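Topology and contacts: notes
One letter stands for each residue in the lines below.
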Amino acid sequence: MSKKVADIIVETLQNAGVRHCYGIVGDTLNLIARSLERSEIEWVSVRHEEAGAFAAQAEAQVTGHLTAVAGSCGPGSLHFINGLFEANRNRAPVILIASQIVRDELGFDFIQEVDFKQVYQSCSVFCDMIYTAEQARRKTTVACQTALAKRGVAVLIVPADVSASTVHDDVPYAVHVADPVIRPSHTDLEQIAEILNEGKRIAVYGGSGCHGAHAEVLAVAEKLKAPIAHTSRAKDFLEHDNPYNIGMTGMLGNEAGYHALLNCDTLLMLGADFAWRQFYPDKAKIVQVDIDATHLGRRHPVTKGVVGGVKETLEALLPRLNERSDSSFRDEYLKRYARYKEADKVKIAAGREGSIPGSYLTKVISQHAAKDALFTADDGTPAAWAYRHIEANGQRRIFASLLHGTMANGMPSSIGLQKSQPDRQVICLAGDGGISMLFGDLMTIVQQELPIKIAVFDNGKLGFVEIEQKAEGMLDTFTKLKNPNFAEVARALGLWGQTVSTADQLENVVKVWLAEPGPALLHVHVNPMQLVMPPFTAVEPAVAMALYSTRAILHGRGGDVWEMVKENFL
Ligand SMILES: Cc1ncc(C[n+]2csc(CCOP(=O)(O)OP(=O)(O)O)c2C)c(N)n1
Ligand SMILES: [Mg+2]
């Protein structure tokens, strides 16, 4: 049977599980757009392709399904890049249909010619062109298969003359979505059991690989009398219903999680690939379990690394572990964690003179959000507050740019979450810097009639960077933002919009905002002087802060120092 290549591509995507395709149409993409229109895949027009890529990766993460983006040649398909880095790092199966100028002009610096193969190599697991019409089905199938199997981005470059061609299409290449069970060999299991059975102060450190393994992680921790610390990405999976939880380590962590990992004599790392080496113990024996063999020992040397899914590995490991009776190590850190949580309850409150700290705003939102709400948080202070103050319950999820660390991830990611989960509440915690960066896609939210709830944490600055600068003893440099009234702008765009500046009104306004049936933007003037405090008191940052204070006072900005001290230390 003869078929148009554009139809073959779209049919293959549909059969591979694609439900939405985000993008902007144009020239070389038009034929594929026509095929998409006739398919069951829903096209979602965005205003900036980067937003489409963020949306697609969030959808792919929450559903596990392959999700598509598509662009016109040159700048159109180039604009996806930052969102595709985000997707690839998050192991989100996303396919970009990068339409291309006709083959006959490739290599002559034709108008809009971009070598996508070179551009997208470093943020993809598959990146290739359909060279001939005859290879269309096979190449599209392999692109989809690779994105799903390797959990990442596939970039399929499609010259316009190829998508317009007609070919015989009678070989049934098709995508297989597999779900294998992977666990270590018996020898590997014996070896890690031996190390764990010798431990006296054992800690478990769970990462996002613990998704779906809550019961098994708790069972192992119970047997080993180990407290459970987790990475930020594992918060959704391990924080809830966990009597052994001691929270996170790292800059966003707390002192219990931080010290337990440094003071244990045996560390069991489960699906955790935490990048910051200084938070690993230097003297402990480390056992690492990861589904990806390339992760073993790449952050910090480990005693024994094994390959397997966390759930399957722990199921097989459990009978090999001796039940310990001494729980003193775990008890100590559980006590320290409880103390931290208790202090936090009091500390996270309205600021002085009715100001609203970002942490308090987040806590209030968490209190009133739905039980199964999906949150996105912009890189910057919103992500820090989200991981510290959104309460996990096993149903909620938080999506932030933890691995790529990009601004502006929040609002566009919420588009993909709401498109794929129309019945769930989707809440975006946005920075004033972050929301401005892809502001145009608020119009996508309106056009698509998505009831997303956006809170803009307006501190009038690139706050997180200012904190970094202060921690280096610098005065704030190039961080100021002159903002509009975001609520007014939101209303002009067709969203519900309101501004809140004082803590006494906050709770009521948050309730009204969350109850709005349509898209709603809450513009909150948050305390501009709030710092994100690390879980330790190191001499270095303290000295840098002192330097900052001295400089600020010398530059006639003693008021800033006083505001900072009042908000954070008094
Ligand atoms: C695309 C991009 N540009 C720059 C940065 C560096 N950066 C990280 S956080 C941040 C400030 C974010 O400001 P805002 O969104 O207002 O959040 P705040 O920290 O003020 O709450 C910047 C500039 C980045 N991570 N990504
Ligand atoms: Mg800001």
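These lines cover the structure that appears in this document, whether it is placed above or below. Worth saying up front: this structure is predicted, and the values here are computed from it rather than measured.

In this section: the packing of helix 1 (residues 5-15) against helix 2 (residues 30-38). Viewed as axis vectors pointing N to C, helix 1 and helix 2 meet at an angle of 50°, and their least axial separation amounts to 9 Å. In terms of orientation, helix 1 and helix 2 fall into the oblique class. Seen from above, helix 1 lies across helix 2 with right-handed handedness. Contacts between helix 1 and helix 2 involve Ala6, Asp7, Ile9 and Val10 on the former and, on the latter, Leu31, Ile32, Ser35, Leu36 and Arg38.

Listed as protein donors to the magnesium ion (ligand 2) are Asp432 (OD), Asn459 (OD1) and Lys461 (O); their distances from the metal cover 2.0 to 2.1 Å. Expressed as a motif, the donor residue spacing for the magnesium ion (ligand 2) is D-x26-N-x1-K. Of the two residues, Asp432 is situated in helix 18 (residues 432-437) and Asn459 in the loop between strand 18 (453-458) and helix 20 (463-471); the sequence distance between them amounts to 27 residues. With respect to burial, Asp432 and Asn459 carry one shared label: buried.

Moving on: the packing of helix 10 (residues 214-224) against helix 13 (residues 310-317). Contact geometry of helix 10 with helix 13 gives a least axis separation of 9 Å together with a crossing angle of 35°. For the element pair helix 10 and helix 13, the recorded crossing hand is left-handed. Listed contacts from helix 13 to Glu216, Val217 and Val220 of helix 10 are Val310, Lys311, Leu314 and Glu315. Residues belonging to the contact of helix 10 with helix 13 are distributed by class as follows: 4 nonpolar, no polar and 3 charged.

Around ligand 1 there are 18 residues in total, and Thr381, Asp432, Gly433, Gly434 and Gly463 lie nearest to it. Here Gly405 contributes a backbone N or O atom positioned 2.8 Å from a nitrogen atom of ligand 1. Phe464 is positioned with one of its backbone polar atoms (N or O) 2.8 Å from an oxygen atom of ligand 1. Only helix 16 (381-389), helix 18 and helix 20 provide two or more residues apiece to the shell around ligand 1. With 4 residues, helix 18 is the single largest residue contributor to the shell around ligand 1.

One finds Leu84, Val94, Tyr120, Ile435, Leu442 and Ile454 to be the most contacted residues of the largest nonpolar core, which totals 46 residues. With 6 residues, the top contributor of residues to this core is helix 3 (residues 49-63). Of all hydrophobic cores here, the second largest spans 45 residues; its members include Met248, Ile348, Leu475 and Val561.

Right, let's talk about the environment of Ser359 for a bit. Relative to the elements of secondary structure, Ser359 occurs in helix 15 (residues 358-368). In this structure, the C-alpha to C-alpha distance between Ser359 and Gln530, residues 171 residues apart in sequence, is 8.7 Å. Those residues in contact with Ser359, other than ones at most four positions away along the chain, are Ile348, Trp385, His389 and Gln530.

With that settled, consider the sheet that holds strand 13 (residues 285-290). Across the sheet, which stays open at both edges, the 6 strands sit in the order 11-10-9-12-13-14 with parallel pairing between neighbours. Two strands bound the open sheet, and with one partner strand each, they are strand 11 (245-248) and strand 14 (304-307). Strand-to-strand twist across the sheet, computed as the mean angle between neighbouring axes with direction ignored, equals 20°. In terms of strand pairing, strand 13 meets strand 14 through 4 bridges, oriented parallel. Among the inter-strand pairings, Asp290 is bridged to a residue of strand 14, identified as Val307. Lying over the sheet, helix 12 (residues 255-263) contacts strand 9 (202-206), strand 10 (228-230), strand 11 and strand 12 (266-270), oriented at roughly 100° with respect to strand 11.

Our focus in this paragraph is the sheet that holds strand 20 (residues 520-525). What links the strands of a sheet is backbone hydrogen bonding, and the strands pair in either a parallel or an antiparallel sense. Reading across the sheet, the 6 strands line up as 16-15-17-18-20-19 and stay open at both edges, with parallel pairing between neighbours. Edge positions in the sheet fall to strand 16 (397-400) and strand 19 (496-500), since each of these pairs with one other strand and no more. Strand-to-strand twist in this sheet, taken as the mean axis angle between neighbours without regard to direction, amounts to 15°. In this sheet, strand 20 lies alongside strand 18 in parallel orientation, the contact comprising 6 bridges. Note on strand 20: the bridge partner recorded for Val456 is His523. Contacting strand 15 (374-377), strand 16, strand 17 (426-431) and strand 18, helix 17 (residues 410-420) runs over the sheet at an angle of about 160° to strand 15.

This part covers the pattern of salt bridges. Counted by the stated rule, this structure contains 32 salt bridges. The partner of Asp476 in a salt bridge is Lys480, and the shortest N-O contact between them spans 3.6 Å. Here Asp476 falls in the buried class, since its relative accessible area comes to 14%. According to the relative accessible area criterion, Lys480 is exposed, its value standing at 66%. As a salt-bridge pair, Glu563 and Lys566 come within 3.3 Å of each other at their nearest N and O atoms. Here Lys566 and Glu563 lie together in helix 24 (residues 558-569), a separation of 3 residues that amounts to about one turn.

The next subject is helix 7 (residues 136-150). For helix 7, built from 15 residues, the straight-helix expectation of 21 Å at 1.5 Å per residue is met to within 8% by its first-to-last C-alpha distance of 21 Å. For helix 7, the complete set of buried residues consists of Ala136, Arg137, Lys139, Thr140, Thr141, Ala143, Cys144, Thr146, Ala147 and Leu148. Turning to helix 7, the residues buried within the fold contact strand 1 (2-4), helix 1, strand 5 (94-100), strand 6 (126-129) and strand 7 (153-159). Positioned one or two residues after helix 7, Arg151 has a phi angle of 50°, which is positive.

Looking now at the pairing of strand 9. The element strand 9 is extensively covered by neighbouring structure, given that 5 of its 5 residues are classed as buried. Every second residue of strand 9 is oriented toward a common face, with Ile202, Val204 and Gly206 on one face and Ala203 and Tyr205 on the other, all of them buried. Across 5 bridges, the pairing between strand 9 and strand 12 is parallel. Following the sheet pairing, Val204 is matched in strand 12 by Leu268. The pairing of strand 9 with strand 10 spans 3 bridges and is classified as parallel. Note on strand 10: the bridge partner recorded for Gly206 is His230. Between the parallel pair strand 9 and strand 10, the chain is carried across by helix 10, and the sense of this crossover is right-handed.

The subject of this paragraph is the pairing of strand 7. Along strand 7, 7 of the 7 residues are buried, which leaves the element largely enclosed by surrounding structure. Two elements, strand 5 and strand 7, share 7 bridges in a ladder whose sense is parallel. Looking across to strand 7, one finds that Gln100 is bridged to Pro159. Handedness of the crossover joining strand 6 and strand 7 through helix 7: right-handed.

In this section: the side chain of Ser35. Considering the arrangement of structural elements, one finds Ser35 in helix 2. We classify Ser35 as buried; its relative accessible area is 6%.

Cut-off values and rules
- For every chain, the first residue of the written sequence is number 1, and numbering continues from 1 along that sequence.
- Each chain is given a letter, starting from A, and each ligand a number, starting from 1, according to the order in which they appear as written.
- Per-residue local features are limited, in this predicted model, to residues with pLDDT of at least 70; the limit for side-chain atom pairs, both in listing and counting, is 80 or more; totals at the level of whole chains, interfaces and linings are taken over all residues.
- Excluding hydrogens and water, the side-chain figures rest on all heavy atoms present in the structure.
- Axis definition: a line fitted to C-alpha atoms, over the contacting stretch in the case of helices. Angles run 0 to 180 degrees between N-to-C directions.
- We count a stretch as a helix when DSSP gives it H or I for four or more residues in a row; a strand needs E for two or more, and each element gets its number in order from the N terminus.
- Roughly parallel covers angles under 35 degrees, roughly antiparallel covers those over 145, roughly perpendicular covers 65 to 115, and oblique covers all other angles.
- Note on convention: the crossing is left-handed when the near helix lies turned anticlockwise from the far helix by less than a right angle, right-handed when the turn is clockwise.
- Should any heavy atoms of two residues lie within 4.5 Å, those residues are counted as being in contact.
- Only N, O and S atoms count as donors, using a 2.8 Å limit from the metal and a wider 3.2 Å limit for Na, K and Ca, and since water is excluded some coordination spheres may look unfilled.
- The cut-offs for exposure are 20% and 50% of the maximum accessible area for each residue type, with area from a 1.4 Å probe on protein chains only; residues under the lower value are buried, those over the upper are exposed, and the others partly exposed.
- Gly is placed with the polar residues, together with every amino acid not listed as nonpolar (Ala, Val, Leu, Ile, Met, Phe, Trp, Tyr, Cys and Pro) or charged (Asp, Glu, Lys and Arg).
- Neighbouring residues are identified by heavy atoms, a residue being near a molecule or strand if any of them is within 4 Å of it.
- Any pair of nitrogen or oxygen atoms within 3.5 Å is treated as a polar contact; in protein, a donor-acceptor pairing is required on top of that, and neighbouring residues in sequence qualify only through side-chain atoms on both sides.
- Only buried Ala, Val, Leu, Ile, Met, Phe, Trp, Tyr and Cys residues count toward a nonpolar core, and they belong to the same one when joined by side-chain atoms within 4.5 Å.
- Paired strands are those between which DSSP finds at least two bridges.
- A pairing counts as a salt bridge when a side-chain nitrogen of Lys or Arg comes within 4 Å of a carboxyl oxygen of Asp or Glu.
- Here a helix's expected span is defined as the number of its residues, less one, multiplied by 1.5 Å.
- By the criterion used throughout, a crossover qualifies as right-handed when its path from the first strand across the helix to the second strand runs clockwise, the strands pointing away from the viewer.

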